[in-house]
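Read off the chains here:
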Amino acid sequence: MGKVVKIFLNQGFTPVDKSVFRRGTCLDFDCYIQRFNGFAILLESGTILDDEIYSKLINRDLQIYVANKSYSMYKQYREESLSKIYNLSEEDDLISFEEAVKNCIDIYQIVSRSNTINGKLKAIYINAKYLFDAWIRHKEDKYIPIEAIDIIVEELVSVVNKERIILSKINDFLDEQDSLAAHFVKVAFFASIIGSQIGIDMTDQKKLVLSAILHDVGKCELDETLLKKPDFLNEDEVKKIQTHSEASVHLVKRSGIKDRIVLNAIKEHHERLDGSGYPRGIDSTKISPFAKIIAICDMFDALITIKPYRGAYSTYNALSLIREESNSRLDANYIKLLIKHLR
């Protein structure tokens, strides 16, 4: 909470309508609440309205105010918000596909409003997640929005290369609940951390992160009840799940990506060093380096996420379990790089 601003009611602040606030948007103005004979900042300019902040904002039994000097910015935000609300159906109350695409294309401007690396990463994470959320809801008639995803990936790689990213910092805003959209983006974040440490150029780092963010898109074609089954899968169900790697490649190719490095990384992210993986059962000599990285990041996120059949492991315990796999199934060197960023 910011310090109290000693200005009396109606002498510099105007109450506003909370219903115009929308998830995924960035505020260009400070929001205040009344405190005694003055006002205190509740949300600072540059705040991204993620799910947690949005829920608190609309559920609080408090009036929100903006400073009169910033009222024109609020008014513009309100007009843009209302125009979008009137054009959305009930199921689109989070964020529309078109709006999510636009936010990702404009991600550089959104990110530049934050003064901290953590804030920049949070803005990238939220907007990328909302993009995939919106795409999943309407994927039947829409290709994967590759242009917007490319821009998100480029910005993520750029920010991660500016400073050593510590996992505990980004864990503050990563979703713990299981969702496909969040999983895509978290795996991309973890892959970007490893990618920044292995001595490859920015172009290859972008290919790695692009592969990571698209690695599981084929799961969108599977029955949701299968993905969220709170019990062990039978043999037929396991086979259905295992089709998602090649389904992901098909979707990505259909959306215009032809780069073999990206396609192979997506296809091979469930292959294992000892040949026990799928879809082809190839061994360490044939698995692409990027697929080896994504395999680790994929497993790490699965462990730290709440599943229908278990709770989430701590970051430390998840990495310990993954390290046990390094003897025969996962690449030990890449695991060490992720562990280096645990603190």
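Residues numbered from 1 in each chain as written. Predicted model: local features only at pLDDT ≥ 70, side-chain atom pairs only at ≥ 80, totals over all residues. Heavy atoms only, no water.

**Points about the overall build of the protein**
In terms of regular secondary structure, the protein is built from 16 helices and five strands. For 343 residues, the compact-globule formula gives about 20 Å, and the C-alpha radius of gyration of the protein, at 22 Å, lands near that figure. Along the longest, intermediate and shortest principal axes, the C-alpha atoms of the protein span 70 × 40 × 40 Å. Considering the protein as a whole, with its 343 residues, one finds that 51% of them fall into the buried category. Pairs at least 24 residues apart make up 71% of the contacts formed inside the protein by residues separated by at least 6 positions. When the accessible surface of the protein is totalled, it reaches about 16700 Å², and 48% of it is carbon and sulfur. When the 47 positive and 50 negative side-chain charges of the protein are each reduced to one mean point, those points stand 4 Å apart. (Helix = DSSP H or I, 4+ residues; strand = E, 2+ residues; numbered from the N terminus. Rg over C-alpha atoms; globule rule 2.2 N^0.38 Å. Buried < 20%, exposed > 50% of the residue type's maximum accessible area, 1.4 Å probe, protein only. Contact = heavy atoms within 4.5 Å. Areas by Shrake-Rupley, 256 points an atom, 1.4 Å probe, with all protein chains shown as cover. Lys, Arg positive; Asp, Glu negative; His and termini not counted. Charge placed at Lys NZ, Arg CZ, Asp CG, Glu CD.)

**Quick look at the layout of surface pockets**
Quantified by volume, the largest pocket comes out at close to 1400 Å³. Elements that contribute at least two residues to the lining of the largest pocket include exactly α5 (117-137), α8 (180-195), α10 (224-227), α11 (235-241) and α14 (289-304). The greatest single-element share of the lining of the largest pocket, amounting to four residues, is contributed by α14. (1 Å grid on protein atoms, 1.4 Å probe; cavity = no way out; pocket = protein on both sides within 12 Å on 5 of 7 lines; lining within 4 Å. Points joined across faces, edges and corners; volume = space filled by probe spheres on them.)

**Structural notes on the nonpolar core**
Across soluble globular proteins, nonpolar side chains show a tendency to be buried alongside one another. Among the nonpolar cores identified, the biggest contains 82 residues, and Leu121, Phe132, Ile170, Ile213 and Leu214 are the most heavily contacted of them. Beyond its immediate stretch of four places on either side in the chain, Ile213 contacts Phe132, Ile149, Ile152, Val153, Phe184, Val185 and Ala188. (Core = buried A, V, L, I, M, F, W, Y, C linked by side-chain atoms within 4.5 Å.)

**Details of the pattern of salt bridges**
Under the defined criterion, the tally for this structure stands at 18 salt bridges. Note that Asp178 is salt-bridged to Lys307, the shortest N-O span being 3.4 Å. Taken together, the residues Asp178 in the loop between α7 (167-170) and α8 and Lys307 in the loop between α14 and α15 (315-325) connect sequence positions 129 residues apart. Here Asp259 ties to Lys207 by a salt bridge, and the two come within 3.1 Å at their closest N and O atoms. Of the two residues, Asp259 sits in the loop between α12 (244-254) and α13 (260-267) while Lys207 sits in helix α9 (residues 202-214), which places them 52 residues apart along the sequence. Assessed through its relative accessible area of 26%, Asp259 is described here as partly exposed. Salt bridges here are not isolated pairs; linked through shared partners, they connect Arg23, Asp51, Lys129 and Asp175. (Salt bridge = Lys/Arg side-chain N within 4 Å of Asp/Glu carboxyl O.)

**Concerning empty space enclosed by the protein**
Scanning the entire structure with this criterion turns up one cavity of 30 Å³ or more. Of the voids in this model, the largest cavity is the one considered here, and its volume is about 40 Å³. In terms of lining residues, the largest cavity is bounded by Glu268, Glu271, Leu273, Ile287, Ala291, Lys292, Ala295, Arg329, Leu330 and Asp331. Each residue belonging to the lining of the largest cavity can be placed in one class, and the counts come to five nonpolar, no polar and five charged. (Nonpolar A, V, L, I, M, F, W, Y, C, P; charged D, E, K, R; others polar.)

**A few points about the packing of aromatic side chains**
Per the stated rule, a full pass over the model turns up twelve aromatic pairs. Centroid distance Phe13 to Phe39: 4.2 Å. Interplanar angle 20°. Geometry classified as stacked. Of this pair, Phe13 sits in strand β2 (residues 13-16) while Phe39 sits in strand β4 (residues 38-43), and the two are 26 residues apart along the sequence. Across the pair, exposure class does not vary: Phe13 and Phe39 are buried alike. The interplanar angle of 50° and the centroid separation of 5.6 Å between the aromatic rings of Tyr125 and Phe173 together place this pair among those described as tilted. Here the residue Tyr125 occupies a position in helix α5, and Phe173 occupies one in the loop between α7 and α8, the gap between them amounting to 48 residues. (Phe/Tyr/Trp six-rings, centres within 6.5 Å; stacked < 30°, edge-to-face > 60°.)

**Here's the deal with the packing of α15 against helix α16 (residues 332-340)**
In the contact formed by α15 and α16, the axes pass within 10 Å of each other and the chain directions differ by 165°. Viewed along their axes, α15 and α16 adopt a mutual orientation that is roughly antiparallel. Between α15 and α16 the crossing geometry is left-handed. Listed contacts from α16 to Leu319, Ile322 and Arg323 of α15 are Ile335, Leu338 and Ile339. Partitioning the contact of α15 with α16 into residue classes produces five nonpolar, no polar and one charged. (Axes fitted to C-alpha atoms, helices over the stretch in contact; angles between N-to-C directions. Parallel < 35°, antiparallel > 145°, perpendicular 65-115°, else oblique. Left-handed = near helix turned anticlockwise from the far one by under 90°.)

**Observations regarding the side chain of Glu271**
Secondary-structure assignment places Glu271 in the loop between α13 and α14. An unpaired buried charge is present at Glu271: no salt bridge exists, and Arg280, the closest side chain of opposite charge, is 4.5 Å distant. In terms of polar contacts, Glu271 uses its side chain to reach the backbone amide nitrogen of Gly281, at 3.0 Å. (Polar contact = N/O pair within 3.5 Å; in protein donor to acceptor, adjacent residues only side chain to side chain.)

**So, α16**
Looking at α16, one finds that the buried residues are Tyr334, Ile335, Leu337 and Leu338. The arc that holds the buried residues of α16, viewed along the axis, is 155°, so those residues lie on one side. α16 presents Asn333 and Lys336 as exposed residues on the side facing more than 90 degrees away from its buried surface. By the N-cap criterion, in which a side-chain oxygen at the helix start approaches the backbone nitrogen of a residue two or three places on, α16 is capped by Asp331, the distance to Asn333 being 3.0 Å. (Arc of directions from axis to C-beta.)

**Notes on the confidence of the model for the protein**
For the protein, per-residue confidence averages 87 on the pLDDT scale, and 91% of positions sit at 70 or higher. Low pLDDT, under 50, characterises residues 1-10; the predicted model gives this stretch 29 contacts beyond four residues in sequence or across chains. Scored below 50 in pLDDT, residues 88-93 shows eight contacts in the model against residues more than four places distant or in partner chains. (pLDDT = per-residue confidence, 0-100.)

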